[in-house]
Structures are given as C-alpha cells and as structure tokens.
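# Close look at the chain arrangement
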Amino acid sequence: MCGIIGIASNKSVSMNIINSLKKLEYRGYDSAGLATLTNESINEKKCSGRVEELEKILFKTPSEGNIGIGHVRWATHGVPNVINAHPHSSEQVSVVHNGIIENSDEIKKELEAKGIKFKSQTDTEVVTLLITEALKINKPLESVFETLKKLKGSFALGIIFKNFSNIIIGARRGSPLAVGYSKEENYIGSDSYALKSMTNKISYLDDGELCVLTKDEVNFYNKNLKKINKKILIMSEDEYSIDKGEYKHFMFKEIMEQPETVKNCIDEYVDSLKNNINILNFPIDPQKINKIVLIGCGTAYNSCITAKYWLEELTSIDVEIDIASEFRYRKLKFNSNNLYIFVSQSGETADTAAALDICKKNNVKTCSIVNVIESTIARNSDWVLPIHAGTEIGVASTKAFLGQLTVLYILCLKLAFVRQDINEKTYIKNISNLKKLPDAIKKCLAGENNVQLMAKEFITAKGSMFLGRGSSFPIALEGALKLKELSYLHAEGYPAGEMKHGPLALIEEGLPVIVIAPKDKYFEKTISNMQEVIARGGKILFITDNKKESLNENIRFGLRVPHIDNLLSPILLTLPLQMLAYHVALIKNCDVDKPRNLAKSVTVE
Ligand code: M6R
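These numbers were taken from a predicted model, which means no experiment stands behind them. (Residues numbered from 1 in each chain as written. Predicted model: local features only at pLDDT ≥ 70, side-chain atom pairs only at ≥ 80, totals over all residues. Heavy atoms only, no water.)

## Observations regarding the overall build of the protein chain
Helices and strands together make up the secondary structure of the protein chain, namely 18 helices and 27 strands. The principal-axis extents of the C-alpha atoms in the protein chain amount to approximately 80 × 55 × 45 Å. The proportion of buried residues among the 605 residues of the protein chain is 61%. At a minimum sequence separation of 6, the contacts of the protein chain that also span at least 24 residues come to 71%. Accessible area for the protein chain stands at about 24400 Å²; split by element, carbon and sulfur atoms hold 48% of it. Charged side chains in the protein chain number 76 positive and 72 negative. The centres of these two groups are separated by 1 Å. (Helix = DSSP H or I, 4+ residues; strand = E, 2+ residues; numbered from the N terminus. Buried < 20%, exposed > 50% of the residue type's maximum accessible area, 1.4 Å probe, protein only. Contact = heavy atoms within 4.5 Å. Areas by Shrake-Rupley, 256 points an atom, 1.4 Å probe, with all protein chains shown as cover. Lys, Arg positive; Asp, Glu negative; His and termini not counted. Charge placed at Lys NZ, Arg CZ, Asp CG, Glu CD.)

## Describing the side chain of Arg 172
As for its position among the elements, Arg 172 is in strand E8 (residues 164–173). A distance of 3.3 Å separates the side chain of Arg 172 from the side chain of Thr 376, its partner in a polar contact. (Polar contact = N/O pair within 3.5 Å; in protein donor to acceptor, adjacent residues only side chain to side chain.)

## Description of the site of the ligand
Lining the immediate surroundings of the ligand are 14 residues, of which Ser 344, Gln 345, Ser 346, Thr 349 and Glu 485 lie closest. With respect to the ligand, the side chain of Ser 346 contributes an N or O atom lying 2.6 Å from an oxygen atom. The side chain of Lys 482 places a nitrogen or oxygen atom 3.0 Å from an oxygen atom of the ligand. For the ligand, whose accessible area on its own is 410 Å², the fraction buried by protein is 91%. The set of elements that each furnish at least two residues to the shell around the ligand consists of helix H8 (298–314) and helix H16 (472–487). Per element, the largest residue contribution to the shell around the ligand is 3 residues, and it comes from H8. Along the lines of polarity and charge, the residues of the shell around the ligand split into 5 nonpolar, 7 polar and 2 charged. (Near = heavy atom within 4 Å. Nonpolar A, V, L, I, M, F, W, Y, C, P; charged D, E, K, R; others polar.)

## Re the sheet that holds strand E27 (residues 555–560)
Sheet architecture is open: 5 strands sit in the order E24-E23-E25-E26-E27, paired in parallel fashion. For this open sheet the edge positions go to strand E24 (490–495) and E27, each flanked by a neighbour on one side alone. For this sheet, the mean angle separating the axes of adjacent strands, direction not counted, is 20°. Sheet contacts for helix H15 (residues 448–455): strand E26 (539–544) and E27; angle to E27, the most-contacted strand, approximately 155°. (Pairing = 2+ DSSP bridges. Axes fitted to C-alpha atoms, helices over the stretch in contact; angles between N-to-C directions.)

## Thoughts on the domain arrangement of the protein chain
If you check the domain split of the protein chain, you get domain 1 (3–240), domain 2 (245–435) and domain 3 (446–600). The centre of domain 2, based on its C-alpha atoms, is set 25 Å off from the matching centre of domain 3. In this complex, domain 2 contributes 32 residues to the contact, which on the side of domain 3 involves 33 residues. Taken together, both faces of the contact between domain 2 and domain 3 bury some 2800 Å²; the carbon and sulfur share is 67%. Among the residues of domain 2 in contact with domain 3, Met 251, Tyr 309 and Val 395 are the three that bury the most area, contributing 22% of the side total. Across the domain 2-domain 3 interface, the total number found is 2 salt bridges. (Domains from an automatic or database assignment. Buried area = accessible area lost by both parts, 1.4 Å probe. Salt bridge = Lys/Arg side-chain N within 4 Å of Asp/Glu carboxyl O.)

## Focus on the sheet that holds strand E15 (residues 233–234)
Across the sheet, which stays open at both edges, the 8 strands sit in the order E3-E2-E4-E1-E10-E9-E11-E15 with antiparallel pairing between neighbours. Of all strands in the sheet, those bounded by a partner on one side alone are strand E3 (41–48) and E15. As paired elements, strand E11 (residues 201–204) and E15 share 2 bridges and run antiparallel to each other. Within the sheet, the bridge partner assigned to Lys 201 lies in E15 and is Ile 234. Helix H2 (residues 51–60) rests against strand E2 (31–38), E3 and strand E4 (67–73) of the sheet, and its axis sits at about 135° to E3.

## Notes on helix H17 (residues 523–534)
When the terminal C-alpha atoms of H17 are compared, their 16 Å separation across 12 residues agrees well with the 16 Å that a helix rising 1.5 Å per residue should span. Taken residue by residue, H17 has Phe 523, Thr 526, Ile 527, Asn 529, Met 530, Val 533 and Ile 534 as its buried positions. Looking straight down H17, one finds its buried side chains confined to an arc of 160°; they lie on one side. The elements touched by buried residues of H17 are strand E23 (463–468), strand E25 (512–516), E26 and E27. (Expected span 1.5 Å × (residues − 1). Arc of directions from axis to C-beta.)

## Comments concerning the packing of aromatic side chains
Per the stated rule, a full pass over the model turns up 9 aromatic pairs. Arranged with centres 4.7 Å apart and planes meeting at 20°, the rings of Phe 252 and Tyr 582 form a pair that is stacked. Taken together, the residues Phe 252 in helix H6 (residues 250–256) and Tyr 582 in helix H18 (residues 569–587) connect sequence positions 330 residues apart. We classify Tyr 582 as buried; its relative accessible area is 5%. Measuring from centroid to centroid gives 5.1 Å for Trp 310 and Tyr 409, while their planes differ by 65°, and the two rings are edge-to-face. (Phe/Tyr/Trp six-rings, centres within 6.5 Å; stacked < 30°, edge-to-face > 60°.)

## Here's the deal with the pairing of E25
Within E25, 5 of the 5 residues are buried, leaving the element largely enclosed by the surrounding structure. Along E25, one buried face is formed by Pro 512, Ile 514 and Ile 516 and the opposite face, lined by Val 513 and Val 515, is buried too. Relative to E26, E25 is paired through 5 bridges, and the arrangement is parallel. Across the sheet, Val 513 pairs through a bridge with Ile 540, a residue of E26. As a crossover connection, the stretch from E25 through H17 into E26 is right-handed. (Right-handed = clockwise from strand over helix to strand, strands pointing away.)

Take a look at the structure:
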C-alpha cells in the first residue's frame, strides 16, 4: 500500500507532486507528505489525513525546488500522525517508502546502540538512517545499494540527497515502481497513472533493480549494480481515461459502467460471427488438466468461489480454491498437470503475488486474471486473461468483480467445450445467453430507486446477514463484504443451509437478513431457510430472479432481477448488492470512494 512519487526537473516540482499524490490516494490516505531540495537543504512538509490538507499547507508556505519526492500513506508501523507521515528525513537524505521492512526492529536496535536517535515509530526511518550512515564513506548509489543488502521485506523506495541535489534514486523489491520520461523532466511513481498528466512513456523496475534519475537522464542497475537497459512502453490514452464525469463518486460511476465493461470483455473473448470463444494457447493441454486451483483475496477470492461452482457444473475438472494469504504458507503438493489461476484487479496484491511466486518456484503452470495488464502478477504469470474493465478507482471493487466473473465464466465454457464436457449445442446456447448479459445488467441497474428504498431498512441496524446457496453463496459473501467495507456495519455472508449450525442464534427482531434466492435447484431449500429466519424475527430483504414468487407479508422488501440463465444469475444478483452497499454508505455519511482503514492496492502481506 502507500503511494510514492519522485520528480527531477528544471522547474519547481511541488505542485506536480501534489497532483500525482491525488492520483495515488487510492493506495492510502492516512497521511501525506513531500520533500524538495531548496538551497541544498531538505524541505519537508507533512500532514495527517488527505492530500488536500498538504495542498493547503503548500498554499500558505510554498515549497520550492526542482527535485522532490512525495508520499501517501496506509499506516503499517505507527499511528497515522504527522511524525509518522513520509518522507522520513535526516540532515542528509529524505526517503519515501511503500511496503514493509520486516527486520526494522532489529536494525533499529543496532542503530540505537550506536547512539542514533529515531523520531518516528515507522519501519521506514531505518532506511533513512542506514543510508545516512553509509553516505559517510560511500556515494549515493553505493550507499543505497549497501543499505538494501541489510533490508528484509518488500518495498519500493524514492530517495533524495542534500549534497547531491540533482538526483533521485528509486529501488524496487516486491512493491511496484514505474519510471516516466519527459523533456527535461523524469519521474518515479508507484504506478503509471500517477505520472499520467506528465508523460505516457513508462518503464517498470523489476525486482531488485535500482534507478538513478536526473532531469536529463535515467540510468538503471540490476541487483548486482550492473548498468542495464529498460524497454520504454508508450501508454495509450484509453489506459488513462479516468474521471468521475457526471457522477458524485467513482464507485457509483463504476457500478453504472458495468453494462459497457462487461460488453467490452465479452467482445474481446467471443467471436460473435462464429459463436466461438477466442481463448487459445492454454499453458497446459486442456485435456490434460488434472485440477484447477483458483487463488485470490477479498472480492477476487469471491470470484474464485463462484468459478468453482461453474467449473464443477460445466466441466469434469477437479477444482480447489484458496485465499492467497493462506495458500502461500500451506504445505502444498504441487502437480504439473494442475493449472493455478490467480485472480486480482490490481495485479499487485502482495499475498496473491507471493502465492504466484511459490507456484513458479514449483514449476507449475500459472494463469492470471487481472485488470492491470502491466502489473507484477500479470508479468510473472505464464498466461494472462485480462478483464478489460478499465481503471477502477473506488476502493470497493465493483466492475472488476463483474469483469473477473465474466472472464472466469468464459474460460469455464471454453474448457468445457474443448474437453467435450459439453456438446456444441450447449456451448452455443451458453454463448448466446452470455451475450444477453450487458442488457440484463442495464435492466438491473434501472432498479436503483428500489434499492435506495431497501437501504433505508439499515438506518437503525446493528448488523446484517446475507444468505445464499450454491453460486449465490459467494454473492452473499460479496454483498456482505461490500456493505461492511463501505458502511462499517457488521455483515455476515453465509450459506443459507449453514444457519442452523450456529448463526441462527444471531437472529433477533428486526435484524436485516438479505436472502439471495434465484430460481435454481436450491430455491425451495433457500425459502425454507428463510422461513426459519422469519420465525425468529429477522427482517427479510429478498432478492430473486423468479417471476412467479409472490412477495408475501413476511418479506419486508423484495427485489427482482431479470432472469437469463441459472449459470449467469450470480452476476446479475451482484448488482442490487453493490447499489445497496453504496446507498447505505450514503445514508451513514461514509466516504464511499475511500472507506476508512482501507486502500485499493494491498501491497503488504
Ligand atoms: O487487487 P486485488 O483484486 O488483488 O485486491 C484484492 C482485495 O484486496 C480486494 O478485492 C478488496 O477486497 C476490495 N476492497 C473489495 O472491495
């Protein structure tokens, strides 16, 4: 988490640093800060809270300087206050850092034993002080190199030096770092989006690499400090086209964009003329796939669970799912006939990236389903299936979830067909159902007013439950995740059939219970579970695609989504739940795009 930026220029850099930090705020918004070099001294400005506050400070007391670094923080070590905000500077150096220095306590003790004093509670300050020490006998690049040897963990760093006022050094181990080029100006940033208004020419540091920027040139070094060359990528305007448009929040815009993003995704993979799916070059012969293992975190993990139901329904392949932060520490038996699929919007989630690394070390085939195609996870996997959702800014994932589901469904269909688990007629029928999805999504979104009314049922709620069976179970989990992250209201997602094994004890008069009940093979069973909740006073909010089900007096509120096909119902049933979480958050006056304590890209383990 955290976002870093560095600019070496022939003009004052502070306002461009602020603009880039605003773009990086999705990575963390606990505090913000910058440091520039003015008259050969380090000039630091920091605040707790948002970049807006930092901007106000700069309006009152501007920071001059043609070289500077900036940071937005998602706190890991130490509370989010001004002292712990980055940059962390000594007399000689100033450092911004994204990631975690795992052995910082150990290093801190060693430095304190030498009489060196610390100002903050952060792990970052050890980097500042180690470089400061190394500078007594080395030049800047060697000092950083020597310091890196002592650090454990994963991080990206941006460093400026009081006595070397024309350079910025960037270093990457684990956490991403992009480099941008322009005329008489060069940049480092946590992602290319942060550099968007300044350049479309981008390179990415690989693990262990360093770079030295001046306003005129960028030099790259590998982990042995040998000079290397990097490819320059030209980013297209599409990769950058992001603003809120007519909407008040990115999240709502992203919800409303879903008919379009899902259509884009389908168009990328489905050949409408030939009624075929253009997925080729499987890293393993599909006939020989023994098992598919799906791995992700948060919303991406909920996509994996949904895909498990699809793969089981459509194919003869064995399926396993895992949360990346569990997978990476388990004692696993790898099999070269297994396909390991990593699902991630950002492609930078530390746990998912680490799980992928473990698979690579065990020589098994990997596939990633990502939104950011230049991300670490995409670059490190054998096979990439992009979701084509466009940049997602809202911290709560919406359109990326639907994109992940769409690609996973398309992949399941293709696998089922090439393995002859389904016949051509079924394959074509499923493709034609899939093509109806964007319009059905549009219809669901048109029901927003009803969802707004449903949201009022949460005004006095102390908690809530989301219930579903079969492929509606992961959608219940996703609905509960959205509600808790946006409105800070406790929400549990449960398989409806599991209620009687404990959670039923939570049901009391008026507790909102969202029952997700499409007309599938589980419908009657879900209704029975709903009755058990009604009998104990739960307030039922019912979501179905069943035209026949009449909503009776025991159901406090009912919503109907269109029906296309049972396999696709989880996708449609997600939409009211996204809108519900959004409207409850509005009622509760929560920050929809930047929920407390969270960040978009989780680059710590
Ligand atoms: O970028 P990723 O898809 O790997 O992120 C995984 C989770 O951190 C993410 O889905 C998180 O749960 C979202 N905030 C949920 O809305």
